[in-house]
Amino acid sequence: MHVRKLTGGLAAALAVTFSLMGGQALAAPSADADRAVAARVVTYDASGSAEFRSAVDRGAAIWNESVAAVELRPAAAGQSANIRVLADNGWPRALTTSLGNGTVWIGRQAVNEGHNTIRISSHELGHILGLPDRKPGPCTSLMSGSSAGTTCTNAYPNTAEKAEVEGYFGGSFAPKAGAVPLNTMIVD
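Caption draft 1: Spatial organisation of the overall build of the protein chain. For the protein chain, the count of helices and strands is six helices and six strands. Secondary structure elements of the protein chain, listed N to C terminal, follow the sequence α-α-β-α-β-β-β-β-α-α-α-β. By the burial criterion, 39% of the 188 residues in the protein chain qualify as buried. Of all intrachain contacts in the protein chain linking residues separated by at least 6 positions in sequence, the fraction that spans at least 24 positions is 60%. By element, 58% of the accessible surface of the protein chain is carried by carbon and sulfur atoms, the whole surface being about 9500 Å².

In structure tokens:
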């Protein structure tokens, strides 16, 4: 914050100097500009994720490391979460109700077949963040999901996937063409 204040003060001083010299004045950054760059917070409740709790937390942390426009945080006690994460015996899947909102199931079937729990978690959270499946695909694509095989442990989105999520959350919060369909169960 100290850097922003210093930069704002310097910009204001330059604006006055340029206007006195007959040059073009520039406006100093506003408080609204500072708020516009803040990440949109999306909360998740992993209390129903059973033995996958640490994988869910790690998947959320991976998204937080990878993008700046959205931040996944555990919901506080008593707080309604944007994302509910559950464990069950089926295949992993996600139901996105709107951008940044929905339910994720970490299915034991894929885990029992040898798929990596952190990759599953990060992939399913990717659906809630607006990304569709991209199957078949290489291990370098998080959204290739299970088509990358059980030896794939990459839980990080690639450059294109990061850019998509940044675009969805960095602007008007509206999904663009190619985004995951809403109110549709995505079974990976």
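Caption draft 2: Here's a closer look at the environment of L131. Relative to the elements of secondary structure, L131 occurs in the loop between α5 (117-128) and α6 (159-170). Looking at L131, the relative accessible area reads 0%, which means it is buried. For L131 and K162, which are 31 residues apart along the polypeptide, the C-alpha to C-alpha distance reads 9.7 Å.

Caption draft 3: Region of interest: the pattern of salt bridges. Counted according to the given criterion, the structure contains six salt bridges. With a shortest N-O distance of 3.0 Å, R73 and E71 are connected by a salt bridge. Measuring nitrogen to oxygen at the nearest pair gives 2.3 Å for the salt bridge that ties D88 to R93. Considered together, D88 and R93 belong to a single accessibility category, that of buried residues.

Caption draft 4: Layout of α6. Between the first and last C-alpha of α6 there are 16 Å, a value that for twelve residues agrees with the 16 Å anticipated at 1.5 Å per step. Those residues of α6 that fall on the buried side of the exposure criterion are E161, E164, V165, Y168 and F169. For α6, the buried positions fall inside an angular range of 115 degrees around the axis, keeping them on one side. Turned more than 90 degrees off the buried face of α6, the exposed positions are T159 and G170. On its buried side, α6 packs onto β1 (40-48), α3 (53-66) and β2 (70-74). Among the residues of α6, the N-terminal cap falls to N158, whose side-chain oxygen and the backbone nitrogen of A160 are separated by 3.1 Å.

Caption draft 5: Broad picture of the state of the cysteines. Tallied over the entire structure, the rule returns one disulfide. What pairs with C139 in a disulfide is C152, and their sulfur atoms sit 2.0 Å apart. Measuring handedness by torsion sign, the sulfur bridge of C139 and C152 sits at about 85 degrees and is right-handed. Placement of C139 in the loop between α5 and α6 and of C152 in the loop between α5 and α6 is noted, with a sequence separation of 13 residues between them. Using a relative accessible area of 4% as the deciding quantity, one classes C152 as buried.

Caption draft 6: Structural view of the side chain of H127. As for its placement among the helices and strands, H127 is situated in helix α5. Of note is the side chain of H127, whose polar atom sits 3.1 Å from the side chain of H123.

Caption draft 7: Inspection of α3 at higher detail. Across its 14 residues, α3 extends 20 Å between first and last C-alpha, which sits within 8% of the 20 Å expected from 1.5 Å per residue. Buried residues of α3: A55, V56, G59, A60, I62, W63 and S66, and no others. Buried residues of α3 fall within an arc of 150 degrees about the axis and therefore sit on the same side. Counted as exposed and oriented over 90 degrees from the buried face of α3: S54 and E65. Summarising the contacts, the buried residues of α3 are in contact with β1, β2, β3 (83-88), β5 (101-107), α5 and α6.

Each value, and the rule that gives it
- Sequence order as written defines residue numbering, which begins from 1 separately in each chain.
- The model is predicted, so local features are restricted to residues of pLDDT at least 70 and side-chain atom pairs to those at 80 or more, both for listing and for counting; the totals for chains, interfaces and linings are taken over all residues.
- As a convention, hydrogens and water are excluded, and side-chain values are obtained from all of the structure's heavy atoms.
- Helix and strand labels come from DSSP, where a helix needs a run of H or I of at least four residues and a strand needs a run of E of at least two; each type is numbered from the N terminus.
- Type-normalised accessible area, obtained with a 1.4 Å probe on protein chains alone, sets the label of each residue: buried when under 20%, exposed when over 50%, and partly exposed for intermediate values.
- We call two residues in contact when some of their heavy atoms are within 4.5 Å.
- Only the protein chains shown count as cover for residues, with accessible areas throughout obtained via the Shrake-Rupley method and a probe of 1.4 Å.
- The term salt bridge refers to a side-chain nitrogen of Lys or Arg lying within 4 Å of a carboxyl oxygen of Asp or Glu.
- What a helix should span is 1.5 Å times the count of its residues minus one.
- Starting at the helix axis, one direction is taken to each C-beta atom, and the arc is that of these directions.
- N or O atoms within 3.5 Å of each other form a polar contact, as long as, within protein, one can give a hydrogen and the other can take it, and as long as residues adjacent in sequence are counted only when both atoms are side-chain atoms.
- Defined by distance alone, a disulfide is two cysteine sulfur atoms within 2.5 Å.

This is a description of form; function is not addressed.
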